[in-house]
Amino acid sequence: MLTVNVLGPVLRSNAPLVDEALQSLGDGANAVKLMSVQATAELMMASPEAILIQILERRGLTEGFLAYLRGHGLALLDQDHLLPAAAVADPEFLPFGVVEQDGFDMGLMAKFILRAKAFRCRILLDGDTIGSGALISPRLVLTAAHVVEGVDAARRLEVLGDNGRRYLARVAFSSPCHPDEHLGQLPPAAEADAFADVALLRLTHPLGRKLAAIDLPDTATDWQGTRNLILVHFPKGEDRGGSLGRVVRRGPQDSRLQHDIRSEGGSSGGPGFDTAFSFVGLHQGRLANGQTRRLVPYDRFASNADFRALVADDRALRGLWSLDDTPDGHLILGRDAFFDAITAMVGGQAPMARGLWIRRSDPTTVTGLGFSHQMLTAFLRAVAAKVDLHRVATEQMDRDLVAKVHGVIFGDAGLAAVDARPGVRADETTFTASDEDRVRSLLTGVERRAVERGREQWIYFDNPPEGLSQAAQFQLEHLVRGIMGRSPLRIILAGYETYGLVGTRYDRLDDALVPGARPGLVIETLRGVSERDVAQTVTEMVRALRIDWGDDVILREVARALRGLTLVGGLIPPALLGEVASRLTAEIRASVPQ
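Residues numbered from 1 in each chain as written. Predicted model: local features only at pLDDT ≥ 70, side-chain atom pairs only at ≥ 80, totals over all residues. Heavy atoms only, no water.

A.B. asks: So what exactly am I meant to see when it comes to the sheet that holds strand E3 (residues 140-143) here?
C.D. replies: As a general point, the strands of a sheet are linked pairwise by backbone hydrogen bonds and lie either parallel or antiparallel. If you trace the six strands once around the closed barrel, you get E1-E2-E3-E6-E5-E4, paired in antiparallel fashion. Direction aside, neighbouring strands of the sheet carry axes that sit 45 degrees apart on average. In this sheet, strand E4 (residues 157-160) lies alongside strand E1 (residues 120-125) in antiparallel orientation, the contact comprising four bridges. Each residue of the ladder has a partner; that of Leu-124, found in E4, is Glu-158. On top of the sheet, helix H8 (residues 305-315) reaches E3, strand E5 (166-175) and strand E6 (198-203); it is set at about 25 degrees to E6, its chief contact. (Pairing = 2+ DSSP bridges. Helix = DSSP H or I, 4+ residues; strand = E, 2+ residues; numbered from the N terminus. Axes fitted to C-alpha atoms, helices over the stretch in contact; angles between N-to-C directions. Contact = heavy atoms within 4.5 Å.)

Structural data, given as structure tokens:
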């Protein structure tokens with residue numbers, strides 16, 4: 001049970017991760033924001049942890065919240081730290097030989113268990129557990145082919161995640177089980193690769209991105225002999241923890257690997273790992289003697305072209321087509337420049353791009369500005385970027401923007417860190433010189449934080465609804481200039497069209513990549529969206545959801561979504577994008593299996 005004594009310390013020491021976990025549980029009207037929780041707690045004179053627990057329990061979100069934290073290495077409940085139960089091997093089994101290696105590293109084991117609890121899942125058919133599986137990419141679940149053998153469209157195939165939710169699934173790839181194996185025999189050597197007994201199930205939700213996924217080895221297994229093994233499975237559909245045992249590999253000629261871990265119905269498809277926590281293969285069943293179990297080794301299907309293509313395609317992320325990669329999330333239309341710039345900055349391809357300036361072609365509208373922060377948060381989370389994102393809300397009443405930024409990043413403690421040095425304090429020199437020195441002190445601290453945490457520090461400034469005070473404007477100019485010279489820092493400006501702020505601007509990302517480029521900001525201008533932009537989003541959507549729409553169908557649906565709307569210069573005005581997204585979403589939902 002989640003209690004205030006458990007949650008309280010986590011809120012104080014890991015607030016950004018808690019906020020990410022809450023954002024993963026919903027968006028829009030269903031969103032839970034840590035800032036709102038803290039405000040409610042202050043109003044009700046209660047602790048934030050008590051209020052948050054009430055909200056999670058009332059909405060049924062506790063399990064999802066805990067699952068997200070587990071997937072990111074933080075377990076809150078005692079049972080999350082339990083080591084896997086040692087398996088009781090059958091009294092008779094084929095000789096395995098002596099394990100001539102060290103056991104499992106306990107520190108690494110603890111971390112592995114947290115991830116394993118997040119990536120493991122049950123395979124359900126019409127509500128009943130029929131096997132085990134594991135997430136290996138955002139939407140793909142790896143399991144044994146015989147688990148889903150013969151499942152037709154009339155049956156309901158689902159995956160039950162560690163967050164307690166069920167997700168509709170369908171078979172995206174299958175290398176079948178050889179008929180001999182149904183009799184407990186090994187497949188003929190010549191047919192072992194064609195009958196690998198492995199399947200990939202595709203989800204409509206990017207669960208692997210939200211929880212965790214197995215890191216498939218880049219190279220095939222090359223060891224021989226007897227090794228320790230941990231099997232992550234659900235015998236009889238029950239959660240009994242992982243099971244420890246031994247596995248023997250005689251060489252690359254082995255079509256199946258023998259292991260001595262007790263298994264039962266529901267174990268099939270569970271992944272096995274060696275002492276380096278490297279994926280070895282999938283549990284398949286028993287041999288004919290009834291005493292020895294077997295794994296399908298990963299190297300039997302790792303090189304399968306169709307398997308590799310599906311995994312690579314699902315892992316590739318060129319941008320987002322919706323905030324949560326589902327038809328229920330807010331659709332993203334015409335923001336290629338945004339994602340190109342952010343991707344280049346995250347990947348280190350554009351070192352001179354020290355940030356992004358999101359500007360409106362019509363400054364009287366706010367369409368796209370607030371949404372930009374949601375997009376950025378979702379994308380950084382999706383690509384597991386080593387970035388701490390800090391959001392600074394600005395308003396006309398701000399007089400000390402330096403202190404405000406410091407408070408957002410470091411909290412209220414230690415505000416003296418943004419004091420100017422002796423000789424350049426406000427009462428000793430001009431305000432400009434004093435503020436410039438305070439900004440230097442602040443950014444030095446932020447840069448130190450980036451180095452210590454091994455994560456870039458990105459500062460996102462919201463557009464001030466009624467502009468900035470002159471003092472805050474000057475301080476913002478100092479902040480922008482200061483960040484230009486500090487490579488671990490990035491700045492995102494949303495709005496501010498009436499201010500100069502920075503000398504070097506790049507209207508095209510390519511201009512920031514040429515030799516001799518100077519530190520500057522990439523410009524994204526929010527304007528109308530073209531029909532081609534909409535078609536691109538729909539193409540990404542149907543690709544991700546594996547909807548069988550060709551180019552002709554996509555163009556037809558886009559034309560239907562735009563029917564009756566008044567375009568301006570051939571572009572969809574920002575004010576109409578919500579209507580376009582709503583129409584497209586309705587068509588997509590109708591095409592996704594329910």
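A.B. asks: Mind showing me how you'd approach the side chain of His-259 here?
C.D. replies: Along the polypeptide, His-259 turns up in strand E9 (residues 257-259). Since its relative accessible area comes to 0%, His-259 is described here as buried. (Buried < 20%, exposed > 50% of the residue type's maximum accessible area, 1.4 Å probe, protein only.)

A.B. asks: What am I meant to see in the environment of Leu-157 here?
C.D. replies: When you line up the elements, Leu-157 lands in strand E4. For Leu-157, a relative accessible area of 4% gives the class buried. Through-space distance from the C-alpha of Leu-157 to that of Leu-513 is 48 Å; in sequence the pair is 356 residues apart. Apart from residues lying up to four places away in sequence, Leu-157 is in contact with Ile-123, Leu-124, Leu-125, Ile-130, Val-148, Val-151, Tyr-167, Leu-168, Ala-169, Arg-170, Val-171 and Leu-201.

A.B. asks: Teacher, can you tell me more about helix H3 (residues 34-44) here?
C.D. replies: In an α-helix, one turn spans 3.6 residues; hence positions three or four apart end up facing the same way. Those residues of H3 not exposed but buried are Leu-34, Val-37 and Ala-41. Taken down its axis, H3 places every buried residue within 55 degrees of arc, on the same side. Those residues of H3 that are exposed and angled more than 90 degrees off the buried face are Met-35, Glu-42 and Leu-43. Where H3 is buried, its residues touch helix H1 (4-13), helix H2 (15-23) and helix H4 (48-59). Trailing H3 by a residue or two, Met-45 shows a phi angle of about 55 degrees, which is positive. (Arc of directions from axis to C-beta.)

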